[in-house]
Amino acid sequence: METLAKTGFEEWIYFYSRFLCVLCLGLQVVQGLDQVTLVNPPEEPLPDLLLEVQYSCDDFSSVQLECVVFYDTGNTSTLWLRQWDCVPGGPKTRTLAVKLPDWLVYRADGIVPDYQGVESCDLVVSVRNIGFDDKEDELVTAQDVAPLQLRPFFDRPVKQHQLCLAWSTQVLQLRRTFSKGECPVEEETQHLLSSVFATTGESFGITKTLEPFQNGFLETARISAVPFPWCMFSMWIFQTKTCRDNLCGVFHHVDSQNNFATPSVFLTSSGQLHVQGRGKSDESSAFLSSFTVPLNVWCHISLMLHGSRVSLHVVSVNKEQRTVHSMKLMLEHSVELDDTDGYFVIGGGAFMNGMEGYFGPLVYYRNRIPPQSMSEVVVPDVIKSLNLNGWIQACEAFQQELAVKLAGYSLKAAQEAESETCVDVFHSWTVTNRLTSRSHSELWKEPVPHRRQAEKLAKFLAFKYKGRKISPSAVGRALYSLSLRKLKRARSTGSVSRILPLLLQAGCLADNRALHMSSVLYSTGLGVQERPRKAWLLSLLAAQNDDRLALLLLGHVHHWGRNSHPPDPDLAYAYYANIAKRTTVDSQNPSPQQTYVEAIYLNNDEVLGQQTSEDHHIFQWLKFQANRGTTEAERAMGRMLFWGQQGVSRNIQKAVRHYERGAVDWGDPVSMYDYAIVLLQGQGVERDIPKAVSFLKKAMEQEFVPAMNALAWYYEQYEKDYKRAVQLWEQADELQSPDAALNLGVMYASGLYPGRAADQFMAYKYYLKAAERGNIRGAVQLASIWTTGIPGHVHRRPEDAVLWVKWAAEHNGYLGGLLRTALDSYLSRDMLTSLLFYMMAAESGYAPAQFNVAYLCEQDMLGFLDAEFASECTVKYYNLTIQSQNPDTYAFTKLGDLLYEGRGRRQRDLKSAAEMYSKAALSKEPQGLYNLGLLVEEGFKLPLSVLVELGLSELYLADDGVLLTTLYRRCRDSENTDSYVPCSLALFKVYLQSLQKEYSGIVELPTVVAVVAAPALFLIIIGAARRFILSHS
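Residues numbered from 1 in each chain as written. Predicted model: local features only at pLDDT ≥ 70, side-chain atom pairs only at ≥ 80, totals over all residues. Heavy atoms only, no water.

A. Focus on the sheet that holds strand β1 (residues 35-38). Ordered by their spatial adjacency, 3 strands build an open sheet running β1-β2-β5, and the pairing between neighbours is antiparallel. Of all strands in the sheet, those with a lone pairing partner are β1 and β5 (89-98), marking the two edges. The sheet shows a mean angle of 20 degrees between the axes of neighbouring strands, direction not considered. Bridging between strand β2 (residues 49-57) and β5 involves 8 bridges; their strand directions are antiparallel. (Pairing = 2+ DSSP bridges. Helix = DSSP H or I, 4+ residues; strand = E, 2+ residues; numbered from the N terminus. Axes fitted to C-alpha atoms, helices over the stretch in contact; angles between N-to-C directions.)

Spelled out as structure tokens, the structure:
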């Protein structure tokens, strides 16, 4: 009995000391020295791979090299490659001969298997510390990953097998699937535009390029047809205004030498079509159509080329009526068409503005002319469903009716105004008889119920301005303002359906803001029934009238393929480029609708607390500090007032006074620069060039780089001293000035760089530098080059071009004004207005607004949303947020929570929830790790793909306790100090459960808790205090 007691006591001492060691080691924060790097990782799987690995460790460990293969089903598999020991010490390098599986490297041939569904693979090298007992406790302390891009099947090498093949294998090799692959399907018909494109009549068109056929027969036929083209172009256009220039672009071809090539179709100011082509010896042939293209109807243009013979057919479709015009003629010179040379432009381009209106589907038949009857032209479904004609005709009728009402009300108001003054009888009789009998009958006709508000406003405006002429657009603006006032008084989304008719009438009367807002209501279903096609129509109408936010919305729709539209980066670029190129211009022409764009998240209380106004204590404190001579406060005052930041209303005149005081009284170089810029541009102060130059020189003497750039701009613009300007820009460029890089690019592009000819490639290099440094104009210029490319130097990159112009467009002041209205409404607890305005920005693809919409729907603070709508809205917009380039980590965890809970009509989806938590963890959000641990504690087995992402694939088959220990350790040791205590307690709980499981027969759980909890909690408190002090020091 004594022996048993002694044995039990020794076992208790052993387990207690072991636990304390593990606990202390787990809770202390250790700066690890374990490192591992793949020195020369390949870009793709190679047959003979010599791989260099540099590694170091601070304890006896192992280094393991693996290949993780990803399949299109979402599954993964891990292939072990090499493993060796790591002895503590400095960095070491090992060269390995790595043999990857043949099915990743070679083409399938019957011996090399054909593994379908393999998407990609990663080379993963890791340093692993071995635990106390066995390999199940291995902990990855350092890791490096190199993604490998798999080559297409037909680009892979064929393996030369050094063996005798069995008869069955030889038969397999003779099979067609292994000996000769099937060529990809290639269409001779190219759909250059499949949607409807709204064009403002400027240079923002759609750029398209074509590649040679991969099929030898088709490519041979194409090349042989270059000197004798045999093809057809079919396009739909809807012209809203006649061409303002001599020629406006409809569809034209620009070759690699920047010359108009075959074919080029333009509209003249008289409405005729101008068609031209280019021949072998650079001789051009052109002709004018004998007919004109009508306005406000869809027209189908068919252009057929058959050598030097040209056929032109135009069919105008107005309801059920069709008008056909045709021309056939022989050109003076033979034309050539190499459709892979240069690029095609739909609408306006770099050398010509486009027509005003809309483009429908455009199809190019490359090597054939399809048989068709002009009288039986089929209107595409995309045009039918849009019903653009119906909207325009209804609006024209409404505008005419309102114009008559306005005329009547204005006349009556003028009569009443004149009755108050002394006039002769003849003049009075003349005024009385101005109104025709038709006008009288129209004026007193009982208005349609839903148009009463419009007529009341028309009457109010007519009498307010005492009979002076009132335009229908003024009534539209008044209707929009009335809609906003009604929206502010609304207490639920049910009121939106009563406000929508007012917005639609305002849109009919040319208020683009109302069109855009109505579009968003229809696309989101906020208080109304979702109607995606109607939403698209309203967006197109606003965008065609150059509404910045509608352009941004359509760019997002076609970039990502929203609302059943296929993704089209070229079409998205056309919309984004329009607003992006205007961003800097708009900033120099301030208006009440523009404000500096600030990415503010509604869950960030610190940033919300910094929002101020001229009456707020923060602003008054800054004003007090500025009066005392604090330069930082002076700068902040000027910045907030000039750009309208942090809730302060834009006031350029007041901002200039702060710039002047900082420059003159305090000698601050930043204020000197700001004051000089407004003096140069005459913003808020009378233009004074000599004074501006003087301050720029003083700021440059204090080594303020932007002043150096601005002074160079002065030498280039005003003194035409290009040599001196370039010298200053070169110096500023070396100091990482984004503006200097842009200006040097412009000098190279325009041929003004002293001693050097125009060089577009050098300009491209500087534009790239300017964009990467955050210059908006540099980003626009870079995107423009990536849209067309530079032959022999820069390949076309439309997907990247879209990202740059999107980034530039999201700095536009009109988006900033929209966001400011949404934020001010939120701060004043007008939640419905805030939600709608954030939705308008969110539907345009602006990620912070998407987050804020999800946050508002999730919180629903005043309970104004339907429960089902709130749930769907929350999931939708958090999901959109995580698809952005820099998603907020909070969105990952919240979306994971929603998937875990299964809100609304959705069922619980633990696998998707785990994936969201994993993405949060990879974004350095410890909450993601903590939630993954909770899932494991509930008995859910984490998918292998999640563990691979976290670098924990070796724990897939491990005990839950080991996995939980690893997750909670990572959570505890993260940079977020708030996670230390909860993650430490969770880790402590895992230790207790492990001890209870291992020693359940020796001691009871309360005894374990009583003995272990006190020192463990003491260590947790000490660790938490230490992390708090370190984070604040």
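B. A look at the sheet that holds strand β14 (residues 272-278). Strand order across the open sheet formed by 6 strands is β10-β19-β12-β13-β14-β15, with antiparallel pairing between neighbours. Of all strands in the sheet, those bounded by a partner on one side alone are β10 (206-208) and β15 (284-292). Neighbour to neighbour, the strand axes of the sheet diverge by 20 degrees on average, direction disregarded. The pairing of strand β12 (residues 247-254) with strand β13 (residues 260-268) spans 7 bridges and is classified as antiparallel.

C. Fine view of the state of the cysteines. Summed over all chains, the structure comprises 5 disulfides. At a sulfur-sulfur separation of 2.1 Å, the disulfide partner of C243 is C248. Its S-S torsion of about 85 degrees marks the bond between C243 and C248 as right-handed, since a negative value means left-handed. A relative accessible area of 4% means that C248 is categorised as buried. Paired by a disulfide, C857 and C873 hold their sulfur atoms 1.9 Å apart. (Disulfide = S-S within 2.5 Å. Buried < 20%, exposed > 50% of the residue type's maximum accessible area, 1.4 Å probe, protein only.)

D. Representation of the side chain of K208 within the structure. As for its position among the elements, K208 is in strand β10. Owing to a relative accessible area of 12%, K208 belongs among the buried residues under this scheme. Here D568 takes part through its side chain, which lies 3.2 Å from a polar atom of the side chain of K208. Side chain to side chain, K208 and D570 meet in a polar contact 3.2 Å long. With residues near it in sequence (within four places) discarded, K208 still touches L192, Y343, F344, D568, D570 and R796. (Polar contact = N/O pair within 3.5 Å; in protein donor to acceptor, adjacent residues only side chain to side chain. Contact = heavy atoms within 4.5 Å.)

E. Here's a closer look at helix α13 (residues 512-524). Its 13 residues place the ends of α13 18 Å apart at the C-alpha level, agreeing with the 18 Å of an ideal helix rising 1.5 Å per residue. For α13, the buried fraction is high: 12 of the 13 residues fall into the buried class. Taken residue by residue, α13 has N512, A514, L515, H516, M517, S518, S519, V520, L521, Y522, S523 and T524 as its buried positions. Two residues or fewer after α13 comes G525, characterised by a positive phi angle close to 75 degrees. (Expected span 1.5 Å × (residues − 1).)

F. The arrangement of unusual backbone geometry in detail. Here the amide bond leading from T262 into P263 is cis, since omega sits at -10 degrees, within 30 degrees of zero. Structurally, the position occupied by P263 is in strand β13. The phi torsion at E703 lies on the positive side, around 65 degrees, for a residue other than glycine. One can find E703 in the loop between α22 (689-701) and α23 (705-717). Judged by relative accessible area, which is 69%, E703 ranks as exposed.

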